[in-house]
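# A structural walkthrough
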Amino acid sequence: MALDLARGLAVLGMYGFHVGRDPPGGGPVGWAAGMSRGRSSALFALLAGFTPVILTGRPEPRTGRAGRKAAGRVLIRSAALVALGGALTALDTSVDVILAYYGLALALALPLRRLRARSSCPRCCTRSVRRPTAEAGPTPLADHDPPARISGGDGLLDLVVTGDHPVLTWLPFIVAGMAVARLDLGRPGVRSRPAVRAAALTAAGPPSVAARRRPPGGPTPSAPPGDTTPAWLLVAAPHSQTTFSIPGNTGVALLVLAG
């Protein structure tokens with residue numbers, strides 16, 4: 001029930017970000033709207049990490065034929081998400097469709113289903129640090145990207161590296177969710193551990209000095225700029241895909257889940 005409640009908050013937050021209006025007067029509603037930017041989708045991705053663990057067995061993963069059948073269910077779900085995401089992207093709406101990214105990330109996370117929580121955490125941290133340094137994708141490759149040429153939408157390079165929700169950025173959230181899913185969350189003492197770690201991670205979330213030095217009256221950065229200056233990696237703005245934003249959003253997602 002707690003997972004469903006947290007997922008419901010994530011969905012409502014993403015709805016508000018995509019189709020809602022910015023609150024004119026600030027206050028509690030404005031604060032809630034600001035908190036949902038970039039963090040709702042991160043919460044949804046972290047909860048998506050529970051999927052391969054629940055489907056393949058917890059607390060211990062299934063083995064043998066049952067394990068292979070469970071892994072197949074995850075791959076079928078991933079393929080359905082990628083196909084549905086591609087179809088919605090082809091509609092060319094103003095909403096960023098994240099389903100194809102989620103589907104591919106679930107498939108790539110599947111080999112990690114046998115790892116315990118202690119083994120998953122270092123991999124999550126490593127990916128959150130490495131990914132932003134690979135922001136600049138070689139544009140000429142997109143012209144020869146088979147999925148992009150076939151569908152006219154997101155290609156493999158977009159899905160993995162240069163898109164709006166690249167897998168290399170969102171995979172750490174899913175791996176973190178897989179790590180938490182391996183814990184015995186029915187015990188109060190265990191539930192408090194993610195909350196304590198989340199408080200430390202959330203400290204990385206607020207915009208850094210680089211983000212506060214924007215021109216007077218200018219908008220808060222919400223996506224990587226065209227240039228790939230190293231200073232951008234110091235920003236933790238919503239959807240900035242930077243090193244600081246990934247652990248910060250992970251911390252917020254863990255706090256919501258623990259609450």
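Our structure's up above, just so we're on the same page.
Presented here is an overview of the structure given in this document. From a predicted model like this one, the values you see are computed outputs, not experimental measurements.

Let's shift gears to the overall build of the protein. If you tally the helices and strands in the protein, you get 13 helices and zero strands. Along the protein, helices and strands appear, N-terminal first, in the series α-α-α-α-α-α-α-α-α-α-α-α-α. Relative to its 259 residues, the protein shows a buried fraction of 38%. Nonlocal contacts in the protein, meaning residues at least 24 apart in sequence, comprise 69% of its contacts between residues at least 6 apart. Summed over its atoms, the accessible surface of the protein is roughly 14100 Å², and 63% of this surface lies on carbon and sulfur atoms.

Under the counting rule described, the total for this entry stands at one salt bridge. For R7, the salt bridge goes to D4, with nearest N and O atoms at 3.2 Å. Remark: D4 and R7 occur in helix α1 (residues 2-19); sequence separation between them is three residues, near one turn of the helix. Here R7 falls in the partly exposed class, since its relative accessible area comes to 26%.

Moving on to a nonpolar patch on the surface. A cluster of nonpolar side chains, namely L12, Y15, V19 and V95, defines an oily patch on the protein surface of about 430 Å² accessible area. Relative to the helices and strands, Y15 is located in helix α1.

The next point concerns helix α6 (residues 99-109). For α6, the tally of buried residues reaches eight of eleven residues, placing the bulk of the element in the interior. Among all positions in α6, only A100, Y101, Y102, G103, L104, A105, L106 and A109 are buried. Buried residues along α6 sit in contact with α3 (39-48), α4 (50-56), α5 (64-90), α9 (156-162) and α10 (167-181).

By size, the foremost hydrophobic cluster in this structure holds 34 residues, and its most contacted members are A45, L46, L171, F173, I174, M178 and L257. For this core, the elements supplying multiple residues, two or more each, are α1, α3, α4, α6, α10 and α13 (245-258). For this core, the element with the highest residue contribution is α10, accounting for ten residues. Non-local contacts of A45, meaning those with residues more than four positions away in its chain, are made with Y102, W170, F173 and I174.

So, on to the packing of helix α11 (residues 188-202) against α13. Describing two packed helices takes the angle between their axes plus the distance from one axis to the other. Put simply, α11 and α13 touch, their axes get as near as 7 Å, and they point 150 degrees apart. The hand of the α11/α13 crossing is left-handed. Of α13, the residues touching α11 (which contributes R191, P194, A195, A198, A199, L201 and T202) are P247, G248, T250, G251, V252, L254, L255 and A258. When its residues are assigned to classes, the contact of α11 with α13 shows ten nonpolar, four polar and one charged.

Before going further, it helps to spend a moment on the environment of A33. Along the chain, A33 turns up in helix α2 (residues 27-36). Separated by 16 residues in sequence, A33 and F17 place their C-alpha atoms 7.3 Å apart.

Take the environment of L9 next. Within the element layout of this structure, L9 appears in helix α1. Note: C-alpha distance between L9 and V256 (247 residues apart in sequence) is 9.0 Å.

Reading guide: rules and limits
Residues numbered from 1 in each chain as written. Predicted model: local features only at pLDDT ≥ 70, side-chain atom pairs only at ≥ 80, totals over all residues. Heavy atoms only, no water. Helix = DSSP H or I, 4+ residues; strand = E, 2+ residues; numbered from the N terminus. Buried < 20%, exposed > 50% of the residue type's maximum accessible area, 1.4 Å probe, protein only. Contact = heavy atoms within 4.5 Å. Areas by Shrake-Rupley, 256 points an atom, 1.4 Å probe, with all protein chains shown as cover. Salt bridge = Lys/Arg side-chain N within 4 Å of Asp/Glu carboxyl O. Patch = residues over 30% accessible without salt bridge, like charges linked within 9 Å, V, L, I, M, F, W, Y side chains within 5 Å. Core = buried A, V, L, I, M, F, W, Y, C linked by side-chain atoms within 4.5 Å. Axes fitted to C-alpha atoms, helices over the stretch in contact; angles between N-to-C directions. Left-handed = near helix turned anticlockwise from the far one by under 90°. Nonpolar A, V, L, I, M, F, W, Y, C, P; charged D, E, K, R; others polar.

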